[in-house]
Amino acid sequence: MTVERRCLSDLCASGSDEVRIVHDLAMDRSRPARVVRRCADLTETLAVVSAGIGDVVLVDLSVRGLSRDAVATMLRGAAVIGLRSREESEATTVGLRNVLSSDAPIDEILATVTAAVSGGEEHEDWVQEAAAEPAQEAGRLVAVWGPTGAPGRSTIAANLAAETALAGHGTVLVDADTYGPSLSQLLGVLDEAPGLVAAARAHDRDTLTEETLDALLPVVQPHLRLLSGIGVPGRWAELRRGAMDGVWNALRRRGETLIADIGPVLEEDEELSYDTAAPQRNSAALSTLEAADAVIAVVGADPVSITRLLRDHGRLEELGVQELHVIVNRVGAPVPGDRLRDLIASRMQVDSLHLLPDDPVACRTAVWDGALLSEAAPRSPLRRGLRDIAASMLVPAAEEDGAGGEPEAGASPAPARGWRERVLERARR
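Residues numbered from 1 in each chain as written. Predicted model: local features only at pLDDT ≥ 70, side-chain atom pairs only at ≥ 80, totals over all residues. Heavy atoms only, no water.

Looking only at helices and strands, the chain features 16 helices and 14 strands. Across the 429 residues of the chain, 48% fall into the buried class. Residue pairs at least 24 apart in sequence account for 75% of intrachain contacts in the chain once pairs closer than 6 positions are excluded. Carbon and sulfur atoms make up 49% of the accessible area of the chain, which amounts to about 20,000 Å² in all. (Helix = DSSP H or I, 4+ residues; strand = E, 2+ residues; numbered from the N terminus. Buried < 20%, exposed > 50% of the residue type's maximum accessible area, 1.4 Å probe, protein only. Contact = heavy atoms within 4.5 Å. Areas by Shrake-Rupley, 256 points an atom, 1.4 Å probe, with all protein chains shown as cover.)

Here it is in structure tokens:
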């Protein structure tokens, strides 16, 4: 329901309380407010507010789809007052500072509506409560990005997270790739659920508590948890920009290292295609890059991939990336590593540049076993390179010594602990 001056109100509610409010306002024409639209659902309410109809929105907090993003959208065009039944007194307020009981007397509702109109656009009561910010000792967020062409982003993200965890440092691996989510499959997690979607929804409803987040982060190996992706690329629209920002804040409050695998595309052109608020295809990647403390750009050792990196470098700077590391993957003959270093370093400024060897046998073994390189090929040159990168970039100095090293000389390497072992372990629990 919306209220305007002589206050016009938009009402989005249901049941006897909606009928009562409409009836009481209609019976007494002298009242300072009237209902100008009774909205059937959230979509109609957003459209009415966007059209400039009404000054105040009365919305039932149990309306399907109501979220922090939806409230923020409505607040751009009207004041918003929440209605909540007494049975749901502990339910979320989605950031609203003014919430009334749905059975409140009409005079109390009118007083709140009148205050909304007389307070003006800058009145502090009609600003959405901000989501909790991460503490000062918040965890570090590292985004693993790379240009289109499958340069090995997901493989590198998963194994860097594993090496950080093997060093004894708490790590959360997040699959935020909305084009090709794959980390659950790479890690042999068969009971895949769209964890990132669930976290985004919980944030929208103000229910992303520490307990909720723990339930969405299964343990992959000691010190390593996984927040799975959207499952299928078609669910990208469920990851709104505001929700993703909230998820990163919640994860960082855990104080662990966050490693996020994101998609390659960085455009924001969806905003140009709609007159109203619309989801962005690349909102997960953009939110991650803007929130990241460091970005690792993964590029293939070929001229096409390197050219794409150089072209996207300006876009990374536009998004505020301050700390940029480059990993050149699949390095091998006929191009020497020094030539690749000079080619990239002479054209863009980076904080570090690392080369990883082409090791298809180790990678194929790991992916078919649903295992990490430290499990499937612990002595491979690729695994050694990733371990060194993690030690120099991700592992705090105090935790580097004596953690996660190779087996002693003469010892048999640990067998690959792939998906079969993980499934059996979950069954035993």
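Having seen the model, we can carry on.
Turning our attention to helix 12 (residues 337-345). Think of an α-helix as 3.6 residues a turn; residues three or four steps apart then line up on the same face. Among the residues of helix 12, those classed as buried are Gly337, Leu340 and Ile344. Within helix 12, the buried residues cover an arc of 60° as seen down the axis, which keeps them to one side. Opposite the buried face of helix 12, at more than 90 degrees from it, the exposed residues are Asp338, Arg339 and Asp342. The inward-facing, buried residues of helix 12 abut strand 12 (294-300), helix 11 (303-318), strand 13 (324-331) and strand 14 (352-357). (Arc of directions from axis to C-beta.)

Before going further, it helps to spend a moment on the nonpolar core. Of all hydrophobic cores here, the largest spans 48 residues; its most connected members are Val174, Leu251 and Val326. It is helix 9 (residues 241-252) that contributes the most residues to this core, six residues altogether. Not counting chain neighbours up to four residues away, the residues in contact with Leu251 comprise Val172, Val174, Leu213, Leu217, Leu227 and Leu258. Of all hydrophobic cores here, the second largest spans 34 residues; its members include Ala162, Ala362, Leu372 and Ile389. (Core = buried A, V, L, I, M, F, W, Y, C linked by side-chain atoms within 4.5 Å.)

Backbone-to-backbone hydrogen bonds join strands into a sheet, with any given pair of strands oriented parallel or antiparallel. Spatial ordering of the open sheet is given by 9-10-8-11-7-12-13-14, a layout of eight strands whose pairing is mixed. With one partner strand each, in any of the chains shown, strand 9 (219-221) and strand 14 form the two edges of the open sheet. On average, adjacent strands in this sheet sit at an angle of 25° to one another, irrespective of strand direction. The sheet contact formed by strand 7 (residues 141-145) and strand 11 (residues 257-262) spans four bridges and is parallel. For Val142, the partnering residue across the bridge sits in strand 11 and is Ile259. (Pairing = 2+ DSSP bridges. Axes fitted to C-alpha atoms, helices over the stretch in contact; angles between N-to-C directions.)

Right, let's talk about the pattern of salt bridges for a bit. Summed over all chains, the structure comprises 15 salt bridges. Across the pair Glu323 and Arg140 runs a salt bridge, and its minimum N-O distance is 2.8 Å. Of the two residues, Glu323 sits in the loop between helix 11 and strand 13 while Arg140 sits in the loop between helix 4 (106-119) and strand 7, which places them 183 residues apart along the sequence. Look at Glu323 and you get partly exposed, because its relative accessible area is 23%. Notably, a salt bridge pairs Glu256 with Arg254, separated by 2.9 Å at the nearest N-O pair. By sharing partners, the salt bridges in this structure join Arg241, Glu268, Glu290, Arg315 and Glu318 into a single network. (Salt bridge = Lys/Arg side-chain N within 4 Å of Asp/Glu carboxyl O.)

Mean pLDDT over the chain works out to 84, with 82% of the residues at or above the 70 mark. The low-confidence segment residues 401-417, where pLDDT is below 50, has 29 contacts with residues more than four positions distant or belonging to other chains. (pLDDT = per-residue confidence, 0-100.)

All right, on to unusual backbone geometry then. With omega at 10°, the peptide bond leading from Ala333 into Pro334 counts as cis. By secondary structure assignment, the location of Pro334 is in the loop between strand 13 and helix 12. With a phi angle near 55°, Ala150 is a residue other than glycine that sits in the positive phi range. In this fold, Ala150 is placed in the loop between strand 7 and helix 5 (153-166). By relative accessible area, Ala150 is classed as exposed at 52%. A positive phi angle is found at His223, which is not glycine, with a value near 75°. Mapped onto the elements, His223 comes out in the loop between strand 9 and strand 10 (224-227). Exposure remark for His223: the relative accessible area of 45% places this residue in the partly exposed category.

On inspection of all chains with the given rule, the structure shows zero aromatic pairs. The ring of Tyr179 carries the charged tip of Arg281 above its face, separated from the ring centre by 4.0 Å. (Phe/Tyr/Trp six-rings, centres within 6.5 Å; stacked < 30°, edge-to-face > 60°. Lys NZ or Arg CZ within 6 Å of the ring centre and 35° of its normal.)

What follows covers the side chain of Asp175. Topologically, Asp175 is positioned in strand 8 (residues 171-176). Of the side chains with opposite charge, Arg153 comes closest to the buried, unpaired Asp175, at an N-O distance of 8.9 Å. Among the polar contacts listed, one links the side chain of Asp175 to the backbone nitrogen of Leu183, at a separation of 3.0 Å. Residues in contact with Asp175, not counting those within four places in the same chain, are Pro181, Ser182, Leu183, Leu196, Leu227, Ser228, Gly229 and Asp261. (Lys, Arg positive; Asp, Glu negative; His and termini not counted. Polar contact = N/O pair within 3.5 Å; in protein donor to acceptor, adjacent residues only side chain to side chain.)

This part is about the environment of Thr43. Relative to the elements of secondary structure, Thr43 occurs in helix 2 (residues 42-50). Exposure remark for Thr43: the relative accessible area of 61% places this residue in the exposed category. Spatially, the C-alpha atoms of Thr43 and Arg64 are 9.8 Å apart, while their sequence positions differ by 21 residues.

A few words on the side chain of Arg383. Turning to its location among the elements, Arg383 is positioned in helix 15 (residues 381-393). For Arg383, a relative accessible area of 3% gives the class buried.

Bringing the packing of helix 7 (residues 195-204) against helix 9 into the picture now. As a packed pair, helix 7 and helix 9 sit with axes 8 Å apart at the nearest point and diverge in direction by 95°. Between helix 7 and helix 9, the crossing angle belongs to the class labelled roughly perpendicular. Here helix 7 contributes Leu196, Ala199, Ala200, His203 and Asp204 to the contact with helix 9, which in turn contributes Gly242, Ala243, Met244, Gly246 and Val247. Looking at the contact of helix 7 with helix 9 residue by residue, the class counts come to six nonpolar, three polar and one charged. (Parallel < 35°, antiparallel > 145°, perpendicular 65-115°, else oblique. Nonpolar A, V, L, I, M, F, W, Y, C, P; charged D, E, K, R; others polar.)

Quick look at the pairing of strand 11 now. The buried fraction of strand 11 is high, at six of six residues. Burial of the side chains of strand 11 extends over both faces: Thr257, Ile259 and Asp261 are buried on one face and Leu258, Ala260 and Ile262 on the other. Where strand 8 lies against strand 11, six bridges are found, and the strand directions are parallel. Opposite Asp175, over in strand 11, you have Asp261 as the bridge partner.

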